Structures are given as C-alpha cells and as structure tokens.
Number of protein chains: 2
Amino acid sequence: MKLGIYGYGNLGRGVECAVQQNKDAELVGIFTRRDPSTVKTLTGVPVYSASDILAHKDEIDVMIICGGSATDLPEMTPALAEHFNVVDSFDTHANIPQHFANVDAAAQKSGHIAIISCGWDPGMFSINRVYMESILPDGESYTFWGRGVSQGHSDAVRRIPGVLDARQYTVPVQEAVEKVRNCEYPELTTRMKHTRECYVVAAEDADKAAIETAIKTMPNYFDEYDTTVTFITMEEMKAEHSALPHGGNVIRSGKTGLHSECTHTIEYSLKLDSNPEFTSSVLICAARAIDRLYKKGETGCRTMLDIPPALLSPLSPEELRAHSL
Amino acid sequence: MKLGIYGYGNLGRGVECAVQQNKDAELVGIFTRRDPSTVKTLTGVPVYSASDILAHKDEIDVMIICGGSATDLPEMTPALAEHFNVVDSFDTHANIPQHFANVDAAAQKSGHIAIISCGWDPGMFSINRVYMESILPDGESYTFWGRGVSQGHSDAVRRIPGVLDARQYTVPVQEAVEKVRNCEYPELTTRMKHTRECYVVAAEDADKAAIETAIKTMPNYFDEYDTTVTFITMEEMKAEHSALPHGGNVIRSGKTGLHSECTHTIEYSLKLDSNPEFTSSVLICAARAIDRLYKKGETGCRTMLDIPPALLSPLSPEELRAHSL
C-alpha cells in the first residue's frame, strides 16, 4: 500500500518511522502546510506543499492525517476524505459521533473509505473495553492512564505567566489499581484514580509560589487531583523530560454462573516509551485494513471497532489460522 | 437470538448460565446424546434427544456445540453446519486449518455460517496475539498459562494405575514473566516457562513412589517440566480442588523508531474463577456475531480473527461510538 502523511509533527515522524517496519507499506510523501523547503525529514522522503496534494491523488492508497484533534482534524479529515482514503487519530471522545458523521458523509459522497480515532485511547483501549464488556456483561470496567506525559496538561501549565517550559505526568494510584485487580469493585472518585506530577522551568524573576498555586487550582485540569509541582532547570528538563512515554490499563471484573459464584478479571496494559510512535504503529495497521476494504468496494467511515483483527495484520487469513490462532 | 446447546457438560452448563446474562439471547433447548429424561438442567430449559435435532431446525438461530476437541467436534461441527449456524470451541491448535476447511465446506454448501475455536486460547489470546504482532512487527510475543487446571493433564494422571482422582495445575514461572515484562526478550525453554503441580488421591494399597515417578517421567505431558506431586485424601480433593480456575498472559515487547530507540510492552491478562464459564461467555458473543452476519447474507466458516469487535456487543454501533470508543 502506498501511504501519504498529512502533517509532520511528532505523530507524522512516528508514521515515517513505522513505515520502515512494515514491508507492505511504502511512503510516497509528506504533505505540509509549512514551506516544504523548511521541513527536514528523518528518511529523506519527499515533502510537498499541502496545497499541491490533489496532484498526488492517484499515487496514494491511504492518507494518514497527523493533525491535532482540537482544530485540525475536524476540518482536515472530512475535507481530505473527499479525495483520499484517510486515517486519523481524533481523540476528543465526546465529539467522536459528530466527527464520524461528518467524515462518513464526505467519504460516502466521494466513494472513499475512512477510519477515525485510531491509536490506543481511543483505539486499542476502546477495542478492549468492547471485548470485555461483551464477554462479562455483569461487571465493572476501569481505565487508568499513565505513568505518562499529558500534552494537554503540559500545555496548560506552559500558559501560566512566568513558566518557560513544563511537563505534566499523569500517574495512576497503585492502591486503586490493586483494588480493581482484586475484584473489590471500588467506587473511585477522580482524585482516587490518578495523581498529577508537574515539572516546571520558571523564569528567573517568577513567583514560584504563585505558579504552584495557579497550577494546583486550575479548573478542569488540576483542581480535582492531588498535584505535585517540582521546579527544575531548563537543562534538567531537556535531559530528563524530553521523551513522551505513556501507557495505562483497562481492567474489567465480572461475574458468571447461575448465582454469580465465579469472578473473572480481564486486563489490558500498555507501557509505552513513546506515545506518538506507538500511536503511529496503530495508524499503519488501520491504513492496511481500510486499503483492503476499499479494494473490496467498501466506502464510508469506520472506527477500529468495525475492523476484524485479521485485517490489521500483514499475514493472510490462512497464515493467521495456522500460526496465531 | 434463539440459541440451542448441543452437549451438556461443564461447557454446556456454562452457556446455559451465560444466556441469563445476555438479554438478547434465548435458550430454546439442550440437545444430548444421552437419554434426555436423565439430564437435569440448571434452569429447567427443555432437553431433547440429539437424534430429534432436525425437528427444531426452524426454532434455532445459532447452535452452540459444547463437545470435546479430541473426537467430538471434528465430527459434530461439520455435521451440524449442514443444518444450523454453529459455534464451537475447537482448541487443538495444530488441527485448526483442517477443521476450518471441513466446517467451511459444510457451511458453504448448506448456506449457513459457522465460527470455530472460540474461547480464550484459541480465542481472546489469539485476537490479542494478532493485534500485538500487527502493531509491533519488530518484537517478541510470549504466552503464559495459569495458574489453572489443565483437564488434559489431570486426565493423564488419572489413567495411571492406583490413581483414584487427580487434579493438575499449570503454573507460570513468575521470574520468566517478569523478564518478559522488563523487555529482556528472554529465550525460554519449556521448563523455564511453567511448572506443573499435581494433587493425587491414591488407592489405599497403591505404591505412591511409583505413581510419582510415573507422573514425573510421562512423555509430552510432564517430562519437560518441573513437576510436584502431592498426595491428598478424596475429601481434600472435593473440598479444595473442585473448581476449574484458569487464566494467563499474552505479552509482547517490541521496538519502534528509526533506530529502534523506543520499547513498548503490551500485555493481556486473564484471571478466571471458572474456565468453562468464561469460555461459555465468549461463545455467546460469537453466536451474536454470526447471527448478525447470517442475517446480512454471509455464509461459510469464520474464526474470531474475522469478527469486528462491535459485532460481539449487544450495543449498536452508535452506542459504542458514543460510550465505549
């Protein structure tokens, strides 16, 4: 399959790397809204201006859109679905139904196929929630995130006056995770599930106490959590906090039997050195699936919940039955 | 969906219980090769003779076949696929391709749909292996089973002269599991992955030392493992070893990035109080999926690798996108 990347940030670079690991994938080019001559790629793949994208329509089987969920993807994915098969990682959970409807309309009209909200949450975590809840209807599901960097929370801290740089780690409360694993079906408030750790580089003349208060009391982002703030130097930030690790756990406990005698626990866990590189690796699999579905004549929008696992694999159904089943 | 159960052992009883938890499922009857008047069900559902099964053809959307993989299912599933949509839990991994071909031929010919090898291994573990290996092509996968009762190994011990009853637990070696979780990519021999614990009730005049030797040196079953043998009374067996717990872990570590800088670990774990009740709960989901596919006009054989997660859920695609994605 011939792939294009639309948008070249952390996620776009991740897709560029992941293509190297997938022998059935070839990267045709990267499309950017910046001046292409200013974009230096990791592998030397050509960079084109986003405004020239239609000239490459026939060279690309699937376009992987690597934009942000807040403002980019709601516009980009439906617009590109008018001309390409597209994959995105739209992750604003509450707006998925509207985004799905917009992309579906565009793809149905143009006769293309799209898959939205690919990655790990939404994505692999969603898939696992659906499997778990289908198998154990009488139970409770829990999702924990971290330990990992939340870009949104890091950005929120950076916007505080006097903050030069910041990194926020979301950390699951191990005591809560253990209660869930032990089938105690705990009722967990927001505060009981996660803590937040902030590493902050402050300007020389900044009021550190004021910054710490501004973080800890910030509505929606921090006020419902136990938050720790640690001031560090710019050198420490670069040396110790330049990676983007993440991960988490989806856990469900449920009962079976005529009198609910038996308890079962299903857990899916991720420990990721690089959130964007793992997400990119999922995007490649999603591209493979919709490329296959398009070649079978399917159109419209999908999510990973609509994709049979076998379609994500480079192996044939026969190989999978013989070796992976 | 209207379900039938063919075969009424531990698995059949599990399906009977699981139907109670799934509001879209109704159990029409149980079909047995025994004299129906001798079979007492848990819920009072009717019991019919297997020889009368064709009289109930039009009342049943999906027949769940609860037979053994060694001799029952290779015959039963293709035979029943001539008249019904069928689900089975065929678990002899090496023979899956042949079983698939036989069932596919029967189902294609009769215009029905079948799904084989449903449960957790094969089943949920297979699904997870395929997801993991598709997302992280450059990595290693490991499967650990237990702590849980292996019926096959328990039966093997029971066949030794002087043994009145036996229960065998397969136990993963925690040190090996931790090495895998720590991304050490260990090379693990059979002995390094699992130990085997046998609880044995011996006849009064039996030679216990001879029994222990017979177990520990039994080819294929025990000779490649570190095995412990504990002699207990029949009362202890009934009090402490009458349940059928099981579980395990599928773990994959893999690398991404242009120079493989980043490592990721994906783990799927099950802790099951009752192996047959959990397997039964998966069978109901598989029945729901093939009932939906049949009503869309699909025929032939499938495995769980061919089934989109959404089809296993009682919720609609819209509900899943809004709440589970």
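For the structure, see preceding data.
These figures come from a predicted structure and were not determined experimentally. (Residues numbered from 1 in each chain as written. Chains lettered and ligands numbered in written order. Predicted model: local features only at pLDDT ≥ 70, side-chain atom pairs only at ≥ 80, totals over all residues. Heavy atoms only, no water.)

### Focus on the interface of chain A and chain B
Counting from both sides, the interface comprises 67 residues of chain A and, opposite them, 67 residues of chain B. At the boundary of chain A with chain B, total buried surface from both sides reaches about 5,700 Å², with 64% on carbon and sulfur atoms. Applying the counting rule to chain A against chain B returns 0 salt bridges. Of all the secondary structure elements, the ones that give two or more residues to the side of chain A that touches chain B are α1 (10–21), α3 (96–110), α4 (124–135), β12 (246–256), β13 (262–272), α10 (275–295), α11 (309–312) and α12 (317–323) of chain A. Considering each element in turn, the side of chain A that touches chain B owes the most residues, 11 residues, to β13(A). Its residues assigned to classes, the side of chain A that touches chain B comprises 33 nonpolar, 21 polar and 13 charged. Bridging between β13(A) and strand β13 (residues 262–272) of chain B involves 9 bridges; their strand directions are antiparallel. Directly across from Y268(A), in β13(B), lies its bridge partner Y268(B). (Contact = heavy atoms within 4.5 Å. Buried area = accessible area lost by both parts, 1.4 Å probe. Salt bridge = Lys/Arg side-chain N within 4 Å of Asp/Glu carboxyl O. Helix = DSSP H or I, 4+ residues; strand = E, 2+ residues; numbered from the N terminus. Nonpolar A, V, L, I, M, F, W, Y, C, P; charged D, E, K, R; others polar. Pairing = 2+ DSSP bridges.)

### Section: the sheet that holds strand β10 (residues 194–202) of chain A
All names here are of chain A. Overall, mixed pairing links the 4 strands, which are arranged β8-β9-β10-β11 in an open sheet. On the outer flanks of this sheet lie β8 (148–149) and β11 (226–231), each paired with one strand and no other. Contacts between helix α5 (residues 151–158) and the sheet are confined to β8, β9 (163–172) and β10, with β9 contributing the most and set at about 145° to the helix. (Axes fitted to C-alpha atoms, helices over the stretch in contact; angles between N-to-C directions.)

### Remarks on the environment of K208(B)
Residues and elements named next belong to chain B. Position of K208 relative to the elements: it lies in helix α8 (residues 208–216). Relative accessible area serves as the criterion here: at 46%, K208 is assigned to the partly exposed category. The sequence separation of K208 and G162 amounts to 46 residues, and the corresponding C-alpha distance is 8.4 Å. Leaving out residues up to four positions away in the same chain, K208 has contacts with A202 and F231. (Buried < 20%, exposed > 50% of the residue type's maximum accessible area, 1.4 Å probe, protein only.)

### With respect to the relation of the copies chain A and chain B
Taken as rigid bodies, chain A and chain B are interconverted by a rotation of 180° and an axial shift of 0.0 Å, the fit giving an RMSD of 0.0 Å. Expressed as an axis order, the relation between the two copies is that of a two-fold axis. Of the interface residues in chain A, 100% have counterparts in chain B that sit at the interface too, so the contact is made through matching surfaces. (Least-squares fit on C-alpha atoms with pLDDT ≥ 70 in both.)

Purely geometric numbers; function is a separate question.
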